[in-house]
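# Structural overview for review
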Amino acid sequence: MNSNSFADWQPPIDQRVITSLDMHTAGEPLRIVTAGFPMLDGETILEKRQFCLTHYDHLRTALMFEPRGHADMYGALITEPERPQSDFGVLFLHNEGFSTMCGHAIIALSKAAVEANVIDVDEGINLLKIDTPAGLIESQVLVEQGRVMRTSFRNVPSFLALADQWLDVEGVGRVQFDLAYGGAFYAFVDADTIGLSLGADNSNQIIMFGQQIKQAVMKSTPVSHPFADELSFLYGVIFTSEQQTLQVDSHSRHVCIFANGELDRSPTGTGVSARAALCYAKGQLHLGDEINIESILGSQFSVSVHSHCQFGPYQAIVPEVSGTAFVTGKNEFYFDLTDPLSHGFIFR
């Protein structure tokens, strides 16, 4: 028997083939679609996002859900840029739909773009402009001796929307939260005030509490973006703790529960942006200050207050987030028309 015979398998010519580059940023997965996805109509990224949702949502579920993915998979779909000066556009995929912005994905995409020579690459800082549903994102990729060492990006204007809100949550109790925006809206809850451990061995309870609090906030608290109705929704709940950190240089720990109960393995790029805006509004951070925030794994993002601005009715900041990403592999996915589970399934 030829031990290599399994490697000789070839897909039938009538099957759709979609390829991906898989990465992680601080532990959070990113599946970048590299070929095989249909072209999307629309002049803007938000129009492309709506077209994809209407016509190709079954491909999102096929790539994110089992058997090709899992309940906590995350993806990125590269599009043509919206602005003439941008390098490319991107849509963000997860188990519930399409995100508005994603920091861990920007960090991974920037590294991949440099290493794949999507742009001309030089030693030192390389700049990328990426169109997202939340707006234009500029990232900086540090290259030393041909290797990507670190990626930073300046996020969209981020702000504290509501401070020191209270509500009763069934199964959790009396909860105080802040509502802040960093490319998506999050409810921030101090885990220590509700007796919640943010250890990796407590992931099930963290997910349960996160889902319960998210539903309670959605029912009680209107969420409104100053300029875009498409961004006016609560994306997730972020539990914070300044007591439960692993790294000595960490300001605090973040564990984010977003979409349909997804647990972010990273500190959450948009989440640390919103947290920086929250801390700035409360006088806990100032212009130029930088802090490290760790994840449930102890992996870190750094975030600084780059500048401040007026954003509609809000005093906002422009946060700068930094982190590192790694390539884990390439995939080639096949879609058999006779497979009853070709669109995927999920358990949550």
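Residues numbered from 1 in each chain as written. Predicted model: local features only at pLDDT ≥ 70, side-chain atom pairs only at ≥ 80, totals over all residues. Heavy atoms only, no water.

### Here we look at the domain arrangement of the protein
Along its sequence, the protein is carved into domain 1 (16-153 + 327-335) and domain 2 (158-323). One C-alpha centre belongs to domain 1, the other to domain 2, and the line joining them spans 23 Å. Contact residues are listed per partner, giving 27 residues for domain 1 and 30 residues for domain 2. Surface buried jointly by domain 1 and domain 2 totals about 2,100 Å² across both partners, of which 52% is contributed by carbon and sulfur atoms. Among the residues of domain 1 in contact with domain 2, Ala26, Asp72 and Phe153 are the three that bury the most area, contributing 24% of the side total. Summed over the shared surface of domain 1 and domain 2, the result is 2 salt bridges. Taking the shortest distance from any N to any O, the salt bridge between Lys214 and Glu96 comes out at 3.9 Å. Our count for the domain 1 to domain 2 interface comes out at 12 residue pairs in polar contact (both at pLDDT 80 or more). For the side of domain 1 that touches domain 2, the elements supplying multiple residues, two or more each, are α1 (45-55), α3 (103-115) and β8 (147-154). When residues of the side of domain 1 that touches domain 2 are assigned to their parent elements, the largest contribution, 4 residues, is made by β8. Among the residues forming the side of domain 1 that touches domain 2, the class breakdown is 11 nonpolar, 11 polar and 5 charged. (Domains from an automatic or database assignment. Contact = heavy atoms within 4.5 Å. Buried area = accessible area lost by both parts, 1.4 Å probe. Salt bridge = Lys/Arg side-chain N within 4 Å of Asp/Glu carboxyl O. Polar contact = N/O pair within 3.5 Å; in protein donor to acceptor, adjacent residues only side chain to side chain. Helix = DSSP H or I, 4+ residues; strand = E, 2+ residues; numbered from the N terminus. Nonpolar A, V, L, I, M, F, W, Y, C, P; charged D, E, K, R; others polar.)

### Structural notes on helix α2 (residues 57-64)
Counting buried positions along α2 yields 6 of 8 residues, so the element is predominantly enclosed. Within the sequence span of α2, burial applies to Leu59, Arg60, Thr61, Ala62, Leu63 and Met64. (Buried < 20%, exposed > 50% of the residue type's maximum accessible area, 1.4 Å probe, protein only.)

### A short note on the environment of Gly171
Take Gly171: it is sitting in the loop between β9 (159-169) and β10 (173-181). Classification of Gly171 by relative accessible area gives exposed; the value is 61%. Considering only alpha carbons, one finds Gly171 and Ile13, 158 residues apart in sequence, at a separation of 53 Å. The contact partners of Gly171, leaving out residues within four places of it in the chain, are Phe209 and Gln212.

### Looking at the side chain of Asn155
For Asn155, the location among the structural elements is in the loop between β8 and β9. Relative accessible area serves as the criterion here: at 4%, Asn155 is assigned to the buried category. From its side chain, Asn155 meets the backbone oxygen of Gly182 in a polar contact 2.7 Å long. When residues no more than four places from it in sequence are discounted, the contact partners of Asn155 are Met101, Ile137, Gly182, Gly269, Thr270, Ser273, Val318 and Pro319.

### Examining a negative patch on the surface
A cluster of acidic residues, Asp120, Asp122, Glu123 and Glu144, forms a negative patch at the surface. Topologically, Asp120 is positioned in the loop between α3 and β6 (124-132). (Patch = residues over 30% accessible without salt bridge, like charges linked within 9 Å, V, L, I, M, F, W, Y side chains within 5 Å. Areas by Shrake-Rupley, 256 points an atom, 1.4 Å probe, with all protein chains shown as cover. Lys, Arg positive; Asp, Glu negative; His and termini not counted. Charge placed at Lys NZ, Arg CZ, Asp CG, Glu CD.)

### With respect to the pairing of strand β4 (residues 88-93)
Within β4, 6 of the 6 residues are buried, which leaves it mostly tucked inside the rest of the structure. Here β4 shows two buried faces, one formed by Phe88, Val90 and Phe92 and the other by Gly89, Leu91 and Leu93. Of the strand pairs in this sheet, strand β3 (residues 75-79) and β4 are connected by 5 bridges, and their pairing is antiparallel. The residue of β4 that forms the bridge with Ala76 is Phe92. In this sheet, β6 lies alongside β4 in parallel orientation, the contact comprising 2 bridges. Along β6, the bridge assignment pairs Phe88 with Ile130. Sheet analysis places β4 next to strand β5 (residues 98-99), joined by 2 bridges and oriented antiparallel. Along β5, the bridge assignment pairs Phe92 with Ser99. (Pairing = 2+ DSSP bridges.)

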